[in-house]
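# Tertiary structure, described
If you want the building blocks of each chain, they are given just below.
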Amino acid sequence: MNIGYACLLVGVGETNIKSCTMKNANEDNLLKIIKWNLKSLDKIIDYNIKNKIKFFRISSDMIPFGSSPVNKIKWWDFFREDLKKIGDKIKESEIRVSMHPGQYTVINSPKEDVVENSFKDLAYHNRFLDSLGLDSKSKIILHIGGVYGDKESAIERFKNNYKDLSDGIKSRLIIENDDKSYNIEELLDIGNQLKIPVVYDNLHNQVLTADPSKSDNYWIKRANLTWGESDGIQKIHYSQQNLDKRPGSHSVTIDLNLFKEFVSNLDLDIDIMLEVKDKNLSVIKVNNYLREEEIEKLELEWNKYKYNILEHSPSSYRKIDELLKVNDGYPIFEFYNLIDSAFNEEIKEEDAIRAAGELWNYLEKLATEREEKKYKSYLESYRKGNYSIKAVKGFLRKMAVKYKEESLLSLYYFYF
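First, a word on what this report is: a plain description of the structure on this page. (Residues numbered from 1 in each chain as written. Predicted model: local features only at pLDDT ≥ 70, side-chain atom pairs only at ≥ 80, totals over all residues. Heavy atoms only, no water.)

## With respect to the overall build of the protein chain
The cut-off we apply is this: To qualify as a helix, a DSSP run of H or I must reach at least 4 residues; to qualify as a strand, a run of E must reach at least 2; elements of each kind are numbered from the N terminus. Contacts are assigned to residue pairs that have any heavy atoms within 4.5 Å of one another. His is not counted, nor are the chain ends; Lys and Arg add positive charge and Asp and Glu add negative charge. Here the site of a charge means atom NZ of a Lys, CZ of an Arg, CG of an Asp or CD of a Glu.
A tally of helices and strands in the protein chain yields 18 helices and 8 strands. In terms of principal-axis extent, the alpha carbons of the protein chain reach across some 70 × 55 × 40 Å. By sequence separation, contacts in the protein chain at least 24 residues apart represent 75% of the contacts at least 6 residues apart. A distance of 5 Å separates the average location of the 63 positive side-chain charges in the protein chain from that of its 67 negative side-chain charges.

Following this line, the structure appears as structure tokens:
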């Protein structure tokens, strides 16, 4: 079982994916952005290798306007060596990747121009994966699309238009149930007719339920039958409801207690893509649970989390510190329950200043007198309400970058 995350890396600098507006999409800008994005992807893959993460969804925004005539660059040729390097790294490390076109890629639209643009977008995604040298196990996930007032006709349009896709796209395409229009039963019917693998999404099924009497495991087993050998191991999407937002909204982090309950009912070897706001951090959390690592793994994570916890909840900070000092076993649930509950607490001014001060203690001996004055002015502005704590963190991070304090730059404190 491989656990994955989607598109973006949390807690690691210079791994963001850039874009631009159409009016700024000239050749020079596009080349610079693509170069940056491929460099970011390379860093993300390195991070995944280091952290033994074997499943990852590549952002559709890797190539800005990748399916638009606005972008006239033959990026697959221009960046051939970069793409090959990344692709070789993915294959050698046995990382499985996928891509997921956005909401405007709809092949069952009644509008011909929308369908035409959707075909172009799927061709772009397929070309990107081809350019990495990856086989058909690297998938492109798609929703069926809209209902347009007549679901039966909309499904027929999907079937008819699917037949016109290239064989390359068809070999990669997989379809997913959504939370508004097409439930898992309807997806299985379409998938079986067209021989398309089906991705089960548990949260979408909670919102748009096909049959409330059926378990997640039931639907996963049904979906498993749509996957062939050339498709690789069956994959599903897993997420948890954000209780403060509309139904179908993803939680900030994965609750390990709920995840344990979910996987304990599974009896198939599947790949699970987590759809969650804290991305890779939840993957590390889940992998630490599944692999039953040594307590040192929790200590490594604690070193990255501790300043966040200190500013949110000093009492949780003390409890976690004590937990890791005195416990001989592997207190995985206690550890993450304390972290999760701490993040739910509002930050108090004095705690935020205390956490910032702890970091400043490391930098103070390196700082110039001018930088020390600037730090104090940032704190004063924060106290007066003129600056947010993010501004203080931004200054501290710039200092850590300047003085090449890698141990500080690896902290989650600077990123959320």
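Next, the rest of the story.
## Brief notes about the pairing of strand β6 (residues 198-201)
Put simply, the rule is: The buried label goes to any residue with under 20% of its type's maximum accessible area, the exposed label to any with over 50%, and the partly exposed label to all in between, with areas taken from a 1.4 Å probe on protein chains only. Following DSSP output, two strands are said to pair if at least two bridges run between them. The path from the first strand over the helix to the second decides the hand: if it runs clockwise while the strands point away from the viewer, the crossover is right-handed.
Because side chains alternate across β6, one face comprises the buried residues Val-198 and Tyr-200, and the other comprises Val-199 and Asp-201, equally buried. Pairing of strand β5 (residues 173-176) with β6 involves 2 bridges; the strand directions are parallel. The partner of Ile-175 across the bridge, within β6, is Val-198. Regarding topology, helix α7 (residues 184-194) serves as the crossover connection from β5 to the parallel β6, and that connection is right-handed. Relative to strand β7 (residues 235-238), β6 is paired through 2 bridges, and the arrangement is parallel. If you follow Asp-201 over to β7, its bridge partner there is His-237.

## What about the sheet that holds strand β3 (residues 96-99)?
This is how it is decided: The axes are straight lines fitted to the C-alpha atoms, using for helices just the contacting stretch, and the angles between their N-to-C directions are given from 0 to 180°.
Taking strand neighbours around the barrel as the criterion, the 8 strands line up as β1-β2-β3-β4-β5-β6-β7-β8 in a closed arrangement whose pairing is parallel. Between one strand and the next, the sheet's axes are offset by a mean angle of 30 degrees, whatever the strand orientation.

## Details of the side chain of His-237
The test is simple: N or O atoms within 3.5 Å of each other form a polar contact, as long as, within protein, one can give a hydrogen and the other can take it, and as long as residues adjacent in sequence are counted only when both atoms are side-chain atoms.
Examined against the element boundaries, His-237 turns out to sit in strand β7. Of the polar contacts made by the side chain of His-237, one reaches the side chain of Arg-57; its length is 3.3 Å. Not counting residues up to four positions away in its chain, the partners in contact with His-237 are Arg-57, His-100, Ile-141, Glu-176, Val-199, Tyr-200, Asp-201, Asn-202, Met-273 and Glu-275.

## A closer look at the nonpolar core
Rule in force here: Nonpolar cores were defined as sets of buried Ala, Val, Leu, Ile, Met, Phe, Trp, Tyr and Cys residues, with membership established by side-chain atoms within 4.5 Å.
Counting 119 residues, the largest nonpolar core has Phe-128, Phe-158, Phe-259, Ile-272, Leu-274 and Leu-396 as its most contacted members. Counting residues per element, this core draws most heavily on helix α1 (residues 27-50), which supplies 9 residues. Residues in contact with Leu-274, not counting those within four places in the same chain, are Ile-3, Gly-4, Tyr-5, Ala-6, Tyr-238, Ile-254, Phe-259, Ser-282, Val-283 and Val-286.

## Some details on the side chain of Arg-57
Summarising the element assignment, Arg-57 is placed in strand β2 (residues 55-58). Take Arg-57: its relative accessible area is 7%, and that puts it in the buried class. A polar contact is formed between the side chain of Arg-57 and the side chain of Glu-275, at a distance of 2.9 Å. Those residues in contact with Arg-57, other than ones at most four positions away along the chain, are Tyr-5, Ala-6, Cys-7, Ser-98, Met-99, His-100, Ile-141, His-237, Met-273 and Glu-275.

## Considering the packing of aromatic side chains
Defined as follows: In this scheme Phe, Tyr and Trp rings, the latter by its six-membered ring, pair at centre separations within 6.5 Å, and the angle between planes marks the pair as stacked below 30 degrees, edge-to-face above 60, and tilted otherwise.
For the coordinates displayed, the defined rule picks out 22 aromatic pairs. With 5.0 Å between their ring centres and 55 degrees between their planes, Tyr-5 and Phe-56 make a pair best called tilted. Of this pair, Tyr-5 sits in strand β1 (residues 3-6) while Phe-56 sits in strand β2; the two residues are 51 residues apart in sequence, bridging distant segments of the chain. Take Tyr-5: its relative accessible area is 0%, and that puts it in the buried class. Ring geometry for Phe-343 against Phe-416: centres 5.4 Å apart, planes inclined by 40 degrees, an arrangement best described as tilted.

## Structural notes on the environment of Leu-208
For Leu-208, the position within the fold is in the loop between α8 (202-207) and α9 (216-224). Sequence spacing of Leu-208 and Asp-178 is 30 residues, and the spatial spacing of their C-alpha atoms is 7.4 Å. Non-local contacts of Leu-208, meaning those with residues more than four positions away in its chain, are made with Asp-178, Asp-179, Lys-180, Ser-181, Tyr-182 and Asn-183.

## Describing helix α14 (residues 332-343)
Quick note on the threshold: Any helix carries an expected span of 1.5 Å times its number of residues minus one.
The end-to-end C-alpha distance of α14, which contains 12 residues, comes to 17 Å, matching closely the 16 Å that a straight helix rising 1.5 Å per residue would cover. Among the residues of α14, Ile-332, Phe-333, Phe-335, Tyr-336, Leu-338, Ile-339, Asp-340 and Ala-342 are the ones counted as buried. Each element contacted by the buried residues of α14 is listed here: α10 (256-264), α11 (280-290), α12 (295-312) and α13 (314-326).

## Focus: the environment of Asp-46
For Asp-46, the position within the fold is in helix α1. Sequence separation between Asp-46 and Pro-212 is 166 residues, and the spatial gap between their C-alpha atoms is 41 Å.

## Some remarks on the packing of helix α15 (residues 349-363) against helix α17 (residues 389-402)
Going by this rule: Any angle that falls under 35 degrees is termed roughly parallel, while one over 145 is termed roughly antiparallel, one within 65 to 115 roughly perpendicular, and all others oblique. Classes in brief: Ala, Val, Leu, Ile, Met, Phe, Trp, Tyr, Cys and Pro nonpolar; Asp, Glu, Lys and Arg charged; the others, Gly included, polar.
Direction vectors running N to C along α15 and α17 enclose 10 degrees, while the axes themselves pass 11 Å from each other. Comparing their axes, α17 and α15 come out roughly parallel. Each of Ala-352, Ala-356, Leu-359, Trp-360 and Leu-363 in α15 lies in contact with α17, whose residues at this interface are Ile-389, Val-392, Phe-395, Leu-396, Met-399 and Ala-400. Considered class by class, the residues forming the contact of α15 with α17 number 11 nonpolar, no polar and no charged.

## Considering unusual backbone geometry
Trans peptide bonds make up the majority, and among non-glycine residues the majority have a negative phi. Positive phi values are uncommon outside glycine, yet Glu-14 reaches one of about 55 degrees. Note that Glu-14 resides in the loop between β1 and α1. On the basis of relative accessibility, which here comes to 49%, the residue Glu-14 falls in the partly exposed class. Although it is not a glycine, Tyr-148 adopts a positive phi angle of roughly 55 degrees. By the element assignment, Tyr-148 lies in the loop between β4 (139-143) and α5 (151-163). Relative accessible area serves as the criterion here: at 42%, Tyr-148 is assigned to the partly exposed category.

## Brief notes about the pairing of β1
Going residue by residue along β1, you find Ile-3 and Tyr-5 tucked away on one face and Gly-4 and Ala-6 tucked away on the opposite face as well. Inspection of the sheet shows β1 paired to strand β8 (residues 271-274) by 2 bridges, in the parallel sense. Residue Ile-3 lies in a different strand from β8, and its bridge partner there is Ile-272. Both β1 and β2 contribute to a ladder of 3 bridges, which runs parallel. Bridging from a neighbouring strand, Tyr-5 pairs with Phe-56 of β2. Taken together, β1, α1 and β2 form a β-α-β motif whose crossover is right-handed.

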